[in-house]
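Here are the chains, one letter per residue:
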Amino acid sequence: KNEVEQSPQNLTAQEGEFITINCSYSVGISALHWLQQHPGGGIVSLFMLSSGKKKHGRLIATINIQEKHSSLHITASHPRDSAVYICAVVNYGGSQGNLIFGKGTKLSVKP
Amino acid sequence: ETGVTQTPRHLVMGMTNKKSLKCEQHLGHNAMYWYKQSAKKPLELMFVYSLEERVENNSVPSRFSPECPNSSHLFLHLHTLQPEDSALYLCASSQGQGATANYGYTFGSGTRLTVV
């Protein structure tokens, strides 16, 4: 079992819908990242958080350290949001670069 | 462009070939990484360089050989690869040392490698 689990694996939504992607992890962490990967392959960092909530435009990320759970929300979704969203955690006490990645959630937003 | 540039974007090579992947960043970051992304699997860390010194080698076969000549450049030299090495190879950089909460990663667009 992977130390970082994401759900759902695949998600199809209609334009304008509110979207939630979940991430659960089983290790102690010092930070959690949400990443976006477009079909071309490049990865963009959306958020890095260690507590509470962060907001950037239509994207909101929350984390509950006690429950070892994070969510990524997209409000008023748009076809350009279609991508793979990856959750990654920085393993507490781990060596530099020791990001543990989830398998990603593939989001498709239909017009 | 994210600030981390990878070349080439696509590479097809035979099992007996020798090729190199290049990664370049001018963000002033002091750590650089190679990751491998295979289909339906999470990203896997391959190598970490901090201040031009290799600090982690994640049990990667010797047919993959990294090189970090300076803090802005990172190479991955490939030789006698296998078809199962076909994957997306991603480079990343960061500023900061250790697993702190105060640094983020910048990723390149990746090199799509196909071994035939």
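Sequence order sets the numbering: in each chain, residues are counted from 1 along the sequence as written. Working convention: letters from A go to chains and numbers from 1 go to ligands, in the order in which they are written. A pLDDT threshold of at least 70 governs which residues receive local features in this predicted model, and a stricter bar of 80 or more applies before side-chain atom pairs are shown or counted, although totals over entire chains, interfaces and linings include all residues. Water and hydrogen atoms were dropped before computing side-chain values, which therefore reflect all heavy atoms in the structure.

Caption draft 1: Structural view of the overall build of chain B. A helix here means a DSSP run of H or I that spans at least four residues, while a strand means a run of E at least two residues long, and both kinds are numbered starting from the N terminus. A tally of regular secondary structure across chain B gives zero helices and eleven strands. Reading the secondary structure of chain B in the N-to-C direction produces β-β-β-β-β-β-β-β-β-β-β. Both definitions apply: the radius of gyration is a C-alpha atom measure, and the globule rule equals 2.2 Å times residues to the power 0.38. Relative to the 2.2 N^0.38 estimate, which gives 13 Å for 116 residues, the radius of gyration of chain B is 14 Å and therefore close to what a compact globule would have. By its C-alpha atoms, chain B is 40 × 30 × 30 Å across when sized along the principal axes. Exposure classes here rest on a 1.4 Å probe applied to the protein chains alone. A residue is buried below 20% of its type maximum, exposed above 50%, and partly exposed in between. Counting every position in chain B, which comprises 116 residues, the buried fraction comes to 49%. Should any heavy atoms of two residues lie within 4.5 Å, those residues are considered in contact. Long-range contacts, defined here as pairs at least 24 residues apart, represent 55% of the contacts in chain B between residues at least 6 apart. As displayed, chain B has an accessible area near 5,400 Å², and 49% of this comes from carbon and sulfur atoms. His is not counted, nor are the chain ends; Lys and Arg add positive charge and Asp and Glu add negative charge. Note that the charge is assigned to NZ on lysines, CZ on arginines, CG on aspartates and CD on glutamates. For chain B, the distance from the average position of its 10 positive side-chain charges to the average position of its 9 negative side-chain charges is 9 Å. Throughout, the Shrake-Rupley method with a 1.4 Å probe supplies accessible areas, and for residues the shown protein chains are the sole cover considered.

Caption draft 2: Structural context of the state of the cysteines. In this description, a disulfide is simply a cysteine sulfur pair whose atoms lie within 2.5 Å. This structure, assessed with the given rule, holds two disulfides over all chains. Linked covalently through their sulfurs, Cys23(A) and Cys87(A) form a disulfide whose S-S length is 2.0 Å. Disulfide Cys23(A) to Cys87(A): torsion about the S-S bond roughly -65 degrees, handedness left-handed. Of the two residues, Cys23(A) sits in strand 3 (residues 19-25) while Cys87(A) sits in strand 9 (residues 83-91), which places them 64 residues apart along the sequence. The exposure class of Cys87(A) is buried, given its relative accessible area of 0%. Paired through a disulfide, Cys23(B) and Cys91(B) show a sulfur-sulfur distance of 1.9 Å. Because the sign of the S-S torsion sets the handedness, a value of about -70 degrees for the bond joining Cys23(B) and Cys91(B) places this disulfide among the left-handed ones. Of the two residues, Cys23(B) sits in strand 3 (residues 18-25) while Cys91(B) sits in strand 9 (residues 87-94), which places them 68 residues apart along the sequence. Assigned by exposure class, Cys23(B) and Cys91(B) land together as buried. Not part of a disulfide, Cys68(B) finds its nearest cysteine sulfur in Cys91(B), a span of 9.2 Å.

Caption draft 3: Just the packing of aromatic side chains, in detail. Two rings belonging to Phe, Tyr or Trp (six-membered ring only in the last case) form a pair when the distance between their centres is within 6.5 Å. Interplanar angles under 30 degrees mark stacking, angles over 60 mark edge-to-face geometry, and anything in between is tilted. Overall, the coordinates contain six aromatic pairs over all chains when judged by the stated rule. Centre to centre, the rings of Tyr33(B) and Tyr105(B) are 5.0 Å apart; their planes meet at 40 degrees, and the pair counts as tilted. Of the two residues, Tyr33(B) sits in strand 4 (residues 31-37) while Tyr105(B) sits in strand 10 (residues 105-107), which places them 72 residues apart along the sequence. Tyr105(B) carries the same exposure label as Tyr33(B), and that label is buried. Arranged with centres 5.8 Å apart and planes meeting at 35 degrees, the rings of Phe64(B) and Tyr89(B) form a pair that is tilted. With Phe64(B) in strand 7 (residues 64-70) and Tyr89(B) in strand 9, this pair connects stretches of sequence that are 25 residues apart. With respect to class, Phe64(B) is no different from Tyr89(B); both count as buried. Among the aromatic residues, ring-to-ring pairing joins Phe101(A), Tyr33(B), Tyr35(B), Tyr105(B) and Phe107(B) into one connected group.

Caption draft 4: Looking closely at the pattern of salt bridges. In the sections that follow, a salt bridge refers to a side-chain nitrogen of Lys or Arg positioned within 4 Å of a carboxyl oxygen of Asp or Glu. Applying the stated rule across the entire model yields four salt bridges over all chains. The partner of Asp81(A) in a salt bridge is Arg58(A), and the shortest N-O contact between them spans 2.9 Å. Here Arg58(A) lies in the loop between strand 6 (52-56) and strand 7 (59-64) and Asp81(A) lies in the loop between strand 8 (69-74) and strand 9, a separation of 23 residues in the sequence. Since its relative accessible area comes to 6%, Asp81(A) is described here as buried. Here Glu44(B) ties to Lys41(B) by a salt bridge, and the two come within 3.9 Å at their closest N and O atoms.

Caption draft 5: Geometry of the nonpolar core. Buried Ala, Val, Leu, Ile, Met, Phe, Trp, Tyr and Cys residues that are joined via side-chain atoms within 4.5 Å together make up what is termed a nonpolar core. If you look at the biggest cluster of nonpolar residues, it comprises 24 residues, and the most contacted ones within it are Leu32(A), Trp34(A) and Val89(A). Apart from residues no more than four positions distant in its own chain, Leu32(A) is found in contact with Cys23(A), Tyr25(A), Phe47(A), Met48(A), Leu49(A), Ile63(A), Ser70(A), Cys87(A), Ala88(A) and Val89(A). Within the second largest apolar cluster, 22 residues are counted, among which are Phe64(B), Leu74(B), Leu78(B) and Ala87(B).

Caption draft 6: Inspection of the sheet that holds strand 7 of chain A at higher detail. Residues and elements named next belong to chain A. By the convention used here, strands pair only if DSSP detects at least 2 bridges between them. If you trace the five strands from one edge of the open sheet to the other, you get 1-3-8-7-6, paired in antiparallel fashion. Either end of the sheet is taken by a strand with one partner, and the two such strands are strand 1 (4-7) and strand 6. The sheet shows a mean angle of 15 degrees between the axes of neighbouring strands, direction not considered. Here strand 7 runs beside strand 8; their pairing, made up of six bridges, is antiparallel. Bridging across to strand 8, threonine 62 finds its partner in serine 71. Axis definition: a line fitted to C-alpha atoms, over the contacting stretch in the case of helices. Angles run 0 to 180 degrees between N-to-C directions.

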